[in-house]
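# Structure at a glance
Chain by chain, the residues run as shown.
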Protein chains: 2
Amino acid sequence: MTGPTGEFAFIDWLRRRIPADHRVLLGPGDDTAAVRFAPGAPVLITTDMLLDGSCFILAEAGPRRVGRKAMAVNLSDVAAMAGRPVAAVVSVGLPRDGGRWLAEELYSGLREMADAFDTAIVGGDTNSWDGPLTISVTLLGEPTGRGPVTRAGARIGDWLLTTGPFGGSIRGRHLDFTPRVREALRLHESAELHAMIDVSDGLAADVWHVCTESKVGAVLRADAIPVTDAAKDMNDGRPPLVHALGDGEDFELVFAVSPADGGRLIDTQPVEGVMLTPIGEFVDSGLWVESAGNRQPLEPHGYIHSLN
Amino acid sequence: MTGPTGEFAFIDWLRRRIPADHRVLLGPGDDTAAVRFAPGAPVLITTDMLLDGSCFILAEAGPRRVGRKAMAVNLSDVAAMAGRPVAAVVSVGLPRDGGRWLAEELYSGLREMADAFDTAIVGGDTNSWDGPLTISVTLLGEPTGRGPVTRAGARIGDWLLTTGPFGGSIRGRHLDFTPRVREALRLHESAELHAMIDVSDGLAADVWHVCTESKVGAVLRADAIPVTDAAKDMNDGRPPLVHALGDGEDFELVFAVSPADGGRLIDTQPVEGVMLTPIGEFVDSGLWVESAGNRQPLEPHGYIHSLN
């Protein structure tokens, strides 16, 4: 947490804005931050780097939305563990010609998203350089008393449920999504979650990650997968279902529960603001998509022979 | 901890190389890592981003040394708190034309340095892009039972000691230094450290950071400051002392102790491999350099009117 001149402004800026948090023993301005976690609890750690021209187009998105996304993608990872976000550090490479406005807009976006989920920004490293904007956020979280929900616990026969629709996030949702932190915590209270993931690589790819870690397979029911309006409006010759399966950056949760828990969740819909939808089930092996009783292989990157 | 194709190789690569560590409940491959810390202990958190062309020249340094430095600068921050490093996450933006060799060399350097200090790499985010190499490491550590040593505890009359020589690190040491983790822990056992910092911005600048946080001033004794051979060989018209005060990236420790502890440390030299040297003392205000009884103002960036 040391660096050239630009950082001092950032640290001062942060210090003026950080609310008191009894968990933060040391915030910005020392060699490290210090955060006290609950005795005996593990610390959840996740990191994501966003790069201009690759993960976003700065000129189109604007720095505030980039800041929000940089924090949100990490929050989504903690949500996928059904954890509570606690504290984040941020490292940034700022283009020299971006000026103070760029930095402040970026940090404002980071803070807005962090504040919305009671997350303290406890440190950072700000650099200026001749390259494009690059930003890396590391988020620490803590599991609830029920422990973290990993990708590894799905069982054959489990139902596959999701919090929301898929596809076409490039139209704006990849920048403006709300990470499913609260929804994940509510789900964790409401059912025994066997496995969970947030959809960043794509629905098919992320379901396959769960399958791989859980050593099972999965069948997705094509007609049951909720598809966004954006996916339906892509008009690029690829069917909406293909977008829903392959696009990625939806940041919705996909999770495995027993059929009994699945049925109850669908009947009671305990999570405010989202429609829990069953989209398939776990089987002994393979990744499949089923439509009108016809089961065919699904490639993890979303490819289906009969549709592509 | 999600990303495009490149990450999967990195995660697999990491998994094959990570030694068992009972503290790591979840390593790479899930949405977050999970690390169990000692009950009740705070978590030390630090992050540093290194950028090609700014913090290193990839073509000159080579990716392995860049990896080592990226981990080492964070280890040095935890050392400055007299903490023990525990776990790190790494996010990387790899130039597309770098190929697999670049990534593997970089990760090898990261792992070499992490292994040398019993630090588990528990996650990462690897991206390819059209920009230059960028790498951000976040390191978590834990304080010893004596607690973290901050920048804020120096008292008027305290002695200012250091572990080593300063200046000219651009000649190679900024890439190849060994972070003073073990030395800091040994010091923390040997004396009551009132304040400590690792010298990254420059000796004068970092002493000034301690002064600011401790609300005191400091006088450095010009003749006592150990100067590297590299600083003496710079031959750029600036005196070696000016290099020692201003260059930065020495990654030596500077710390404040009582005169009694300072005298004892110097007499007994309890830290193997380094010569503890008194270079000044803390006063009520200002930053000064003293030579042959003549005290003059020292600018935090290392500027001295009579020498520059």
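Residues numbered from 1 in each chain as written. Chains lettered and ligands numbered in written order. Predicted model: local features only at pLDDT ≥ 70, side-chain atom pairs only at ≥ 80, totals over all residues.

### Some remarks on the nonpolar core
The tendency in soluble globular proteins is for nonpolar side chains to be buried as a group. With 196 residues, the main nonpolar core has Val35 and Val207 of chain A together with Val35 and Val207 of chain B as its most contacted residues. In this structure Val207 of chain B touches Leu160, Ala218, Leu220, Val254 and Leu287 of chain B, once residues within four positions along its chain are discounted. (Core = buried A, V, L, I, M, F, W, Y, C linked by C-beta atoms within 7 Å. Buried ≥ 20, exposed ≤ 12 C-beta atoms within 10 Å, placed from the backbone. Contact = placed C-beta atoms within 7 Å.)

### Side note on the domain arrangement of chain A
All names here are of chain A. We note that the domain assignment places domain 1 (5–143) and domain 2 (159–297) within chain A. The C-alpha centroid of domain 2 is placed 28 Å from the C-alpha centroid of domain 1. Among the elements that make up the side of domain 1 that touches domain 2, the one with the highest residue count is helix α3 (residues 63–80) (ten residues). Partitioned by chemical class, the residues of the side of domain 1 that touches domain 2 number eleven nonpolar, one polar and four charged. (Domains from an automatic or database assignment. Helix = DSSP H or I, 4+ residues; strand = E, 2+ residues; numbered from the N terminus. Nonpolar A, V, L, I, M, F, W, Y, C, P; charged D, E, K, R; others polar.)

### So, the relation of the copies chain B and chain A
The pair of chain copies shares a relation made of a rotation about an axis and a shift along it. The operation relating chain B to chain A is a screw motion whose rotation component is 180 degrees, with 0.0 Å of axial translation and a residual RMSD of 0.0 Å. The superposition operator between the copies reduces to a two-fold rotation axis. Using C-alpha coordinates, one finds that chain B approaches the rotation axis most closely at Pro39 of chain B, a distance of 2.0 Å. (Least-squares fit on C-alpha atoms with pLDDT ≥ 70 in both.)

### Observations concerning helix α4 (residues 99–116) of chain A
All names here are of chain A. Helix length check: α4 (18 residues) gives 27 Å between terminal C-alpha atoms against 26 Å at 1.5 Å per residue, within 8%. Taken together, the buried positions of α4 are Ala103, Leu106, Tyr107, Gly109, Leu110, Arg111, Met113 and Ala114. Where α4 terminates, the next one or two residues include Asp118, which has phi positive at roughly 50 degrees. (Expected span 1.5 Å × (residues − 1).)

### A look at the pairing of strand β4 (residues 83–95) of chain B
Residue and element names in this part refer to chain B. Counting buried positions along β4 gives eleven out of 13 residues, so the element sits mostly inside the fold. Both β4 and strand β6 (residues 134–143) contribute to a ladder of ten bridges, which runs antiparallel. Residue pairing across strands places Gly93 opposite Thr134, the latter belonging to β6. (Pairing = 2+ DSSP bridges.)

### Observations regarding the interface of chain B and chain A
Each partner contributes to the interface: chain B provides 56 residues, whereas chain A provides 57 residues. Secondary structure elements with two or more residues in the side of chain B that touches chain A: β1 (24–26), β2 (33–36), β3 (42–51), α3 (63–80), β4, β5 (120–129), β6 and β8 (195–198) of chain B. For the side of chain B that touches chain A, the leading source of residues is β3 of chain B, giving nine residues. Taken together, the residues that form the side of chain B that touches chain A break down as 25 nonpolar, 20 polar and eleven charged. As paired strands, strand β3 (residues 42–51) of chain A and β2 of chain B are joined by four bridges and run antiparallel to one another. In the sheet register, Val43 of chain A faces β2 of chain B, and the bridge partner there is Val35 of chain B.

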